[in-house]
Amino acid sequence: MTSVLYDVPGPKARRVSLIGSVVGTVLILGLLAWIVMTLAQQGIFEGRRWAIFTRGDVWMLLGNGLGATLTAAALAAVIAFPLGLMFCLLRISLIAWIRVPARVVLEFLRGMPVVLMMLFVLLVFGTSSFVAVVTGLVLYNTAIFAEIIRAGIQSLPKGQREAGLTIGLTSFQSRMLVELPQAVRRMMPSLVAQLVVLLKDTSLGYIVAYGELLRAVQVMADFLGNAFLFPIFFVAAAIYIVINICVSRLAIWIERRGSNKTAGGVAKAPTAVVAPELPEVREPK
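Residues numbered from 1 in each chain as written. Predicted model: local features only at pLDDT ≥ 70, side-chain atom pairs only at ≥ 80, totals over all residues. Heavy atoms only, no water.

### As for the side chain of N244
The cut-off we apply is this: Under the DSSP-based scheme used, a helix requires at least four consecutive residues in state H or I and a strand at least two consecutive residues in state E, with every element numbered from the N terminus. We call two residues in contact whenever any of their non-hydrogen atoms come within 4.5 Å of each other.
Inspection of the secondary structure puts N244 in helix 11 (residues 229–265). Residue contacts for N244: discarding those within four places in its chain leaves V196, L199 and K200.

### Notes on the environment of G152
With respect to the secondary-structure elements, G152 resides in helix 6 (residues 129–154). Separated by 30 residues in sequence, G152 and Q182 place their C-alpha atoms 7.9 Å apart. When sequence neighbours within four positions are dropped, the list of residues in contact with G152 reads A183 and M187.

### Let's talk about the environment of A209
This is how the line gets drawn: For every residue, the accessible area obtained with a 1.4 Å probe (protein chains only) is divided by the maximum for its type, and the residue is called buried under 20%, exposed over 50%, and partly exposed between those limits.
Residue position: A209 is located in the loop between helix 9 (188–201) and helix 10 (213–224). Among the residues examined, A209 registers a relative accessible area of 46% and is labelled partly exposed. Through-space distance from the C-alpha of A209 to that of S128 is 9.4 Å; in sequence the pair is 81 residues apart. Not counting chain neighbours up to four residues away, the residues in contact with A209 comprise S129 and R215.

### Quick word on a nonpolar patch on the surface
Where we set the bar: Patch building starts from residues that exceed 30% relative accessible area and form no salt bridge, then joins like charges within 9 Å and nonpolar side chains (Val, Leu, Ile, Met, Phe, Trp, Tyr) within 5 Å. Computed with a 1.4 Å probe, the accessible areas rest on the Shrake-Rupley method; for each residue, only the protein chains presented here act as cover. The rule for a salt bridge is simple: a side-chain nitrogen of Lys or Arg has to be within 4 Å of a carboxyl oxygen of Asp or Glu.
On the surface, I28, L29, L31, L32, W34 and I35 cluster together into a nonpolar patch covering about 630 Å² of accessible area. Here W34 shows up in helix 1 (residues 11–41).

### Things to note about helix 1
Applied cut-off: To estimate how far a helix should reach, multiply one less than its number of residues by 1.5 Å.
With 31 residues, helix 1 extends 45 Å from end C-alpha to end C-alpha; this agrees with the ideal 45 Å at 1.5 Å per step. Positive phi shows up at G43, right after helix 1, with a value of about 80°.

Note that all results are geometric; they support no functional claim without further evidence.
Structure (structure tokens):
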């Protein structure tokens, strides 16, 4: 199949691309080798530094920090998504006095740093660090979810809304029953990416003394000494990466399951019904 976006690379272009790929791979491997050698010279890979992970209290602290991280992220996501959906519907309302204030609120929340909102809630309202972290994450991610869903709705063909109105649905029913399911399915990669960002933003709770994973790691590093700083942070980074991969895989599974249900629920086209042949009627002579 011929390409319509760019010309098919010729032998010279393919050779240049191959050389560039080989050179880039060699440079990356060389950089990794240099990093490993530097860390080895500093004694990072000594067994005594990694022996701390055989202790139960270390894993208990990591588990407590991980539990606090997941709790804050899950609660913030559960609250922020419905609020984002509500603000999205207000943002795209046809009534100006509803649409304009919603837009102002979303722009304000999206432009505010998450840490500043956490500190504001903690210092002004005197809440706990957990409430401050969850509130800051909810406020910021509400604006992001609203804009993602709005982008998905606006990317749909106009015929989708017109078709909903044609069959007798109200404007709100068309938004909720016709446009919104398609927009969420279309913007699923962006929603998942924002969930990963939300999970990582829980580490900002360290500033408001929330006992999430990063703070647990810092407490262990201060207690055990700087000699164990790299192993602890390495394990914490691995935990973050594993969680983010699991969140992405879960979203992919949900998306595929929804697509399969949609495909399975589509009624098959009825087979053509052939009318029986009638006997030939002859005119009387």
